[in-house]
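Observations on the model geometry
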Amino acid sequence: MLRDISAQSFFMGFLAAFVGTASSFAVVLQGLTAVGASSFEAASGLLALSVAMGVCAIVLSLKTRMPISIAWSTPGAALLATSGAVEGGFPVAVGAFIICAVLIIICGIWKPLGKAVAAIPGPLANAMLAGVLLGLCLAPIKAVAFNPLFGLPIVIAWLVVGRFNRILAVPAALAAFVLVLVFGVTFPDGAIDQLNLSLVPPVEFVMPKFTIAGLVGIALPLFIVTMASQNIPGTAVLRAHDYDTPPGPLFTMTGIFSLLSAPFGGHAVNLAAITAAMCAGEDAHPDPKRRYWAAIFAGGFYVLFGLLAGVITSLVSLAPSILIEAVAGLALIGAFSGSAVAAFRDEGSREAAAVTFLVTAAGLTFYGISGAFWGLLAGILIYALTHLKHRTASRR
């Protein structure tokens, strides 16, 4: 096994972990904070997720000898960012994270649940995701309006670097954010001392609370988004690179590690898609049988980056929140465009997808339940009525 290690897989593992962390940690922090986490609880969640997905990737890759890449649920974090705080605060959100993890475990073990998730019309799942992402994708524009001297360097860095290398576009925007923070933002007294104190890895256990609003408003939409937008595409990426493995055990394992991270603030980990393609491609190694080391190295670097969660969170807290939201929004533009195109491609389900998108994007909360659930429910209702009408017309 050690003979399969190569410098190529080491470099690709580092690149995958760096891109995976730098391109979306802002979304995770934004999501956890939006559902009531304090700065320390958000840092703890970031640490828990990083360690969980790193160890999970190492375990699965060693067991299967395949490049099984794991990531945190970026669409899930975006969902949290638009859900807003629930009654009962962050403990209720943590309770919802635990329920979501249990559902993922069941989905891997019990095939009917997996089939039920797969039965949700693809256009509606994509429309819900597009509606969730819309608000965050508007953040770069709001950041420029807030302060052009702060917002424009972030957007320009993303635009320029993205023309040459799309993978490095978001890390470039993040680097621009750091430069704006260092040279443009006035630090309050004692900020540097606070950064030094944050070198200690943050660990905060949150006693979960379970409520109906948390179940329906957070757990179920988080489960659906994670499965439809991450786990299922993740298995497709593996198959596209000729790695054929039963998806059930992979889902179960990601659910177990999600369950372990949830009490410490982690919302969900899942199979990766973009970083999976990096670790499973030829750039990781010419020999497909040796590429699993790229995912193992990526897992190790995820754990290492997670230990810096306290410093990252403290640094981000020194800047106006709209700037880190801008970085998060830039990271999600590709996901938004992909989900929007997939949502409205089929003419037969276009109206239902439009209703799902609009209700979700409105972000309205009824009875403590977020708009993502109501958007999907409204879309399914329109979808069912439309297809019932077509079936009735065809019988005549």
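Below: a short report on this structure. (Residues numbered from 1 in each chain as written. Predicted model: local features only at pLDDT ≥ 70, side-chain atom pairs only at ≥ 80, totals over all residues. Heavy atoms only, no water.)

**Some points on the nonpolar core**
Here is the rule: For the purposes of this section, nonpolar cores are sets of buried Ala, Val, Leu, Ile, Met, Phe, Trp, Tyr and Cys residues that join through side-chain atoms within 4.5 Å. Only protein chains enter the accessibility calculation, which uses a 1.4 Å probe; a residue whose area is less than 20% of its type maximum is buried, one above 50% is exposed, and one in between is partly exposed. Whether two residues touch is decided by their heavy atoms; if any such pair falls within 4.5 Å, the residues are in contact.
In terms of nonpolar packing, the biggest core is built from 117 residues, with Ile 70, Phe 90, Phe 97, Phe 177, Phe 223 and Leu 323 touching the most fellow members. With near-sequence residues (within four places) excluded, Leu 323 lies in contact with Ala 143, Phe 150, Gly 151, Ile 154, Phe 177 and Val 180.

**Considerations on the environment of Ala 342**
Defined as follows: The way it works is that DSSP assigns letters per residue, a run of H or I at least four long becomes a helix, a run of E at least two long becomes a strand, and they are numbered from the N terminus.
Among the secondary structure elements, Ala 342 is positioned in helix 17 (residues 321-344). Here the alpha-carbon distance between Ala 342 and Leu 124, two residues 218 residues apart in the chain, equals 9.2 Å. Beyond its immediate stretch of four places on either side in the chain, Ala 342 contacts Pro 123 and Asn 126.

**Here's the deal with the packing of helix 2 (residues 25-34) against helix 4 (residues 74-83)**
A pair of packed helices is characterised by two quantities: the angle between their axes and the separation of those axes. The cut-off we apply is this: The angle between two axes is taken between their N-to-C directions and runs from 0 to 180 degrees, where each axis is a line fitted to C-alpha atoms and a helix contributes only its stretch in contact. Under this scheme an angle from 65 to 115 degrees is roughly perpendicular, one under 35 degrees roughly parallel, and one over 145 degrees roughly antiparallel; angles in between are oblique. Put simply, a crossing is left-handed when the front helix is turned counterclockwise from the back one by less than a right angle, and right-handed when it is turned clockwise. Residues were grouped as follows: Ala, Val, Leu, Ile, Met, Phe, Trp, Tyr, Cys and Pro as nonpolar; Asp, Glu, Lys and Arg as charged; and all remaining residues, including Gly, as polar.
Put simply, helix 2 and helix 4 touch, their axes get as near as 7 Å, and they point 40° apart. In terms of orientation, helix 2 and helix 4 fall into the oblique class. In this structure, the crossing between helix 2 and helix 4 has a hand that is left-handed. From helix 2, Val 27, Val 28, Gln 30, Gly 31, Leu 32 and Ala 34 reach across to helix 4, where they touch Thr 74, Ala 77, Ala 78, Leu 80 and Ala 81. The residue makeup of the contact of helix 2 with helix 4, split by class, is 8 nonpolar, 3 polar and no charged.

**A look at helix 7 (residues 122-137)**
Definition in use: To estimate how far a helix should reach, multiply one less than its number of residues by 1.5 Å.
With 16 residues, helix 7 should reach 22 Å at 1.5 Å per residue; the first-to-last C-alpha distance of 22 Å fits that figure. If you check which residues of helix 7 are buried, you get Pro 123, Leu 124, Ala 125, Ala 127, Met 128, Leu 129, Ala 130, Gly 131, Val 132, Leu 133, Leu 136 and Cys 137.

**A closer look at the environment of Thr 313**
Within the element layout of this structure, Thr 313 appears in helix 16 (residues 309-317). Excluding residues that lie within four positions of it along the chain, Thr 313 makes contacts with Leu 29, Ser 39, Ala 43 and Leu 46.

**Description of unusual backbone geometry**
The phi torsion at Arg 65 lies on the positive side, around 55°, for a residue other than glycine. The class for Arg 65 is partly exposed, based on a relative accessible area of 42%.

**A short note on the environment of Ala 173**
You can see Ala 173 is positioned in helix 10 (residues 169-184). Given a relative accessible area of 1%, Ala 173 falls into the buried group. For the pair Ala 173 and Gly 334, spaced 161 residues apart in sequence, the C-alpha to C-alpha distance is 15 Å. Discounting residues that sit within four places of it in the chain, Ala 173 has contacts with Ile 154, Ala 157, Trp 158, Val 327 and Leu 330.

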